[in-house]
Structure formats: structure tokens, C-alpha cells
Amino acid sequence: MPDEIPQITVEQLAERRQRPEPFQLVDVREPEEVAIAALAPCTHLPLSQFPQWGPSLQQTLDPHAETIVLCHHGIRSAQMCQWLQNQGFTNVKNVAGGIDAYAVVVDPALGRY
């Protein structure tokens, strides 16, 4: 049975983005979604393009670094978190509420869709 997926609130993500320690922010939304609202810097890995990026993921991301995964509402990112855990990633967190909640709570200037 997979480990419970740790959640991070959008407020915690905003605070985390202010700290100097490096972390990996992964956005699994589609390119047209990212064009509307995005947080930088991040690694953009659309779930629909998994066959293209999946085989080289261990070279793209550090499996032992703090990895925070984001999508629109937190469903696709939870799937990605579970998959990353199954690939041996040791410090994975899902953004509860996704970029939509981030736009509502943290940064109203972000586009919403």
C-alpha cells in the first residue's frame, strides 16, 4: 500500500517560496493551463506527455530533494506524487487546492480558469 501523500497548503507554499533553501516545484498541468497561470521557477511535466518525460525523470529531478507538485485543484498532482513515491522519491508534497487555491488565497493577480 502506498504511503500517505503529504499535503502542503497554498499558504505554506507561498512561505516556502520565500525561503532560500532549494526545492523542486513540479507543475503537471497542460501547456495551455500554464499559459493562464504559472509559478516560477518550476519544472513543467504535463501528465498527458508522460511517455516523453517519464523515462528520463531520474535525470530531470533529484529523488531526494524536497519536491512540491502542483496542478489546477490538487487531483492530478496527487496522482503524480503517488507515482513519484513509487519511483523512490523520498520528500514529495502535494499542493492542496492547486494553483486555483493559490490564486484565490495568495496571489489574486494570477489568472484563474
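Use the structure listed above.
Residues numbered from 1 in each chain as written. Predicted model: local features only at pLDDT ≥ 70, side-chain atom pairs only at ≥ 80, totals over all residues. Heavy atoms only, no water.

(A) Structural context of the pairing of strand 5 (residues 92–95). Judged from the two bridges that link them, strand 1 (residues 7–8) and strand 5 form a sheet pairing that is parallel. The residue of strand 5 that forms the bridge with Gln-7 is Asn-94. In this structure, strand 4 (residues 67–70) lies alongside strand 5, joined through three bridges in parallel fashion. Bridged to Val-69 within strand 5 is Asn-94. In this region the chain leaves strand 4, passes through helix 5 (residues 75–86) and returns to the parallel neighbour strand 5; the handedness of that crossover is right-handed. (Pairing = 2+ DSSP bridges. Helix = DSSP H or I, 4+ residues; strand = E, 2+ residues; numbered from the N terminus. Right-handed = clockwise from strand over helix to strand, strands pointing away.)

(B) Spotlight on the environment of Gln-12. By the element assignment, Gln-12 lies in helix 1 (residues 10–18). For the pair Gln-12 and Val-95, spaced 83 residues apart in sequence, the C-alpha to C-alpha distance is 9.0 Å.

(C) View of the pairing of strand 4. Going residue by residue along strand 4, you find Thr-67 and Val-69 tucked away on one face and Ile-68 and Leu-70 tucked away on the opposite face as well. Direction of pairing for strand 2 (residues 24–27) relative to strand 4: parallel, over a ladder of four bridges. Within strand 4, the residue paired with Val-26 across the bridge is Val-69. (Buried < 20%, exposed > 50% of the residue type's maximum accessible area, 1.4 Å probe, protein only.)

(D) Geometry of the pattern of salt bridges. Within the structure shown, the criterion is met by seven salt bridges. Residue Arg-19 is joined to Glu-15 by a salt bridge in which the shortest nitrogen-to-oxygen separation is 2.9 Å. Its relative accessible area of 36% is what places Arg-19 among the partly exposed residues. Taking the shortest distance from any N to any O, the salt bridge between Arg-19 and Glu-21 comes out at 3.2 Å. When its relative accessible area of 42% is taken as the criterion, Glu-21 is described as partly exposed. Connected through salt bridges with shared partners, the residues Glu-15, Arg-19 and Glu-21 form a single ionic network. (Salt bridge = Lys/Arg side-chain N within 4 Å of Asp/Glu carboxyl O.)

(E) A look at helix 1. Turning to helix 1, its buried residues are Val-10, Leu-13, Ala-14 and Arg-16. Here the buried residues of helix 1 occupy an arc of 160° about the axis, which is enough to place them on one side. Contacts made by the buried residues of helix 1 are with strand 1, strand 2, strand 4, strand 5 and helix 6 (98–105). (Arc of directions from axis to C-beta. Contact = heavy atoms within 4.5 Å.)

(F) Looking closely at helix 5. An ideal rise of 1.5 Å per residue puts 16 Å on twelve residues; helix 5 measures up with 17 Å between its terminal C-alpha atoms. Where helix 5 is concerned, the buried positions are Ser-77, Ala-78, Met-80, Cys-81, Leu-84 and Gln-85. Down the axis of helix 5, the buried set is contained in an arc of 160°. They therefore lie on one face. What points out from helix 5, more than 90 degrees from its buried face, is the exposed set Ile-75 and Asn-86. Once helix 5 finishes, Gly-88 follows within two positions and takes phi at roughly 100°, a positive value. (Expected span 1.5 Å × (residues − 1).)

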